[in-house]
Amino acid sequence: MPTPSMEDYLERIYMLIEEKGYARVSDIAEALEVHPSSVTKMVQKLDKSEYLVYERYRGLVLTAKGNKIGKRLVYRHELLEDFMQIIGVDESHIYQDVEGIEHHISWDAIDRIGDLVQYFQEKNERISDLRAVQKRNDADQEK
Ligand SMILES: [Mn+2]
C-alpha cells in the first residue's frame, strides 16, 4: 500500500496526465508546493514500487498499477468533496478538510460514503430536508 505522501503524488500525477497528457517534475513540484528535488526523490521511490516508470530525461509514465490507484485516489478526493458539500460544509473549508481526511479512511468507508452521496443525489428533497434540520440546529445554537 502507498503511504499518504505517495498517495498525494500519485493522485496529482494522475490528474496532470489526465489534464495535459504528461506530468513533469516541475509541474508536480508546483502543484504540491514542494521542491523539485523532493519530487525526484519520491518519483524514484514510486518507480521502485512499480507505480510508474521514470527516466531522467524522458519524464514519467504510470504503470497499469499506478494508473489504477491514481484513478481511485482522484475518485476518492472528488467523492469526499461531494460528500462535504452535501452535508453542508462551508466551501472555504472543503478542500483542506478533504486533504486532511482522505488518507485516513478505509475503502469500506469510502464505498459507504459513496452510497450516502448517491442517496442524496437521487432525490433533491433529501438535501432540502437535511438543510431544514441544519437551519433548526443553527437557530437553536443562537438562543
Ligand atoms: Mn487530495
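Model, not experiment: these values are computed from the prediction.

## Here we look at the overall build of the protein
A count of helical and extended segments in the protein gives seven helices and two strands. Taken from the N to the C terminus, the helices and strands of the protein come in the order α-α-α-β-β-α-α-α-α. Here the C-alpha atoms of the protein give a radius of gyration of 19 Å, more than 25% beyond the 15 Å that 2.2 N^0.38 yields for 143 residues. Its C-alpha atoms put the protein at 60 × 30 × 25 Å along the principal axes. A burial count over the protein gives 34% of its 143 residues as buried. Looking at the protein alone, contacts between residues at least 24 apart form 55% of all its contacts between residues at least 6 apart. Put simply, the protein shows about 9,400 Å² of open surface, and 50% of that area lies on carbon and sulfur atoms. Across the protein, the 20 positively charged side chains and the 28 negatively charged ones have centroids separated by 5 Å.

## Things to note about the UniProt feature "domain: HTH dtxR-type" (unreviewed entry) in the protein
The UniProt record marks residues 1–63 with the feature "domain: HTH dtxR-type" (unreviewed entry), using the residue numbering of this structure. End C-alpha atoms of residues 1–63 are separated by 15 Å, and the span's content is 60% helix alongside 13% strand.

## Focus on the coordination of the manganese ion
Here the manganese ion is held by Glu-11 (OE), Glu-11 (OE), His-77 (ND1), Glu-99 (OE), Glu-102 (OE) and Glu-102 (OE), and the distances to it run 2.2 to 2.7 Å. Each donor residue of the manganese ion belongs to the same chain, and together they define the spacing E-x65-H-x21-E-x2-E. Of the two residues, Glu-11 is situated in helix α1 (residues 4–20) and His-77 in helix α4 (residues 64–86); the sequence distance between them amounts to 66 residues. There is no split in this pair, since Glu-11 and His-77 are both buried.

## What to know about the packing of α1 against helix α3 (residues 36–48)
Put simply, α1 and α3 touch, their axes get as near as 11 Å, and they point 95° apart. Considered as vectors, α1 and α3 are oriented roughly perpendicular to each other. Across the interface between the two elements, Ser-5, Met-6, Tyr-9, Leu-10 and Ile-13 of α1 pack against Ser-38, Val-39, Met-42, Lys-45 and Leu-46 of α3. By residue class, the composition of the contact of α1 with α3 is seven nonpolar, two polar and one charged.

## Section: the pairing of strand β2 (residues 59–62)
Side chains of β2 alternate between two faces, with Leu-60 and Leu-62 buried and Gly-59 and Val-61 left unburied. Where strand β1 (residues 52–55) and β2 come together, four bridges link them in antiparallel fashion. Directly across from Glu-55, in β2, lies its bridge partner Gly-59. Linkage of β1 to β2, two consecutive antiparallel strands, is achieved through a turn of three residues.

About the thresholds
Residues numbered from 1 in each chain as written. Predicted model: local features only at pLDDT ≥ 70, side-chain atom pairs only at ≥ 80, totals over all residues. Heavy atoms only, no water. Helix = DSSP H or I, 4+ residues; strand = E, 2+ residues; numbered from the N terminus. Rg over C-alpha atoms; globule rule 2.2 N^0.38 Å. Buried < 20%, exposed > 50% of the residue type's maximum accessible area, 1.4 Å probe, protein only. Contact = heavy atoms within 4.5 Å. Areas by Shrake-Rupley, 256 points an atom, 1.4 Å probe, with all protein chains shown as cover. Lys, Arg positive; Asp, Glu negative; His and termini not counted. Charge placed at Lys NZ, Arg CZ, Asp CG, Glu CD. UniProt positions renumbered as here; feature names shortened; annotations may be inferred. Donors = N, O, S within 2.8 Å, 3.2 Å for Na, K, Ca; no water. Axes fitted to C-alpha atoms, helices over the stretch in contact; angles between N-to-C directions. Parallel < 35°, antiparallel > 145°, perpendicular 65-115°, else oblique. Nonpolar A, V, L, I, M, F, W, Y, C, P; charged D, E, K, R; others polar. Pairing = 2+ DSSP bridges.

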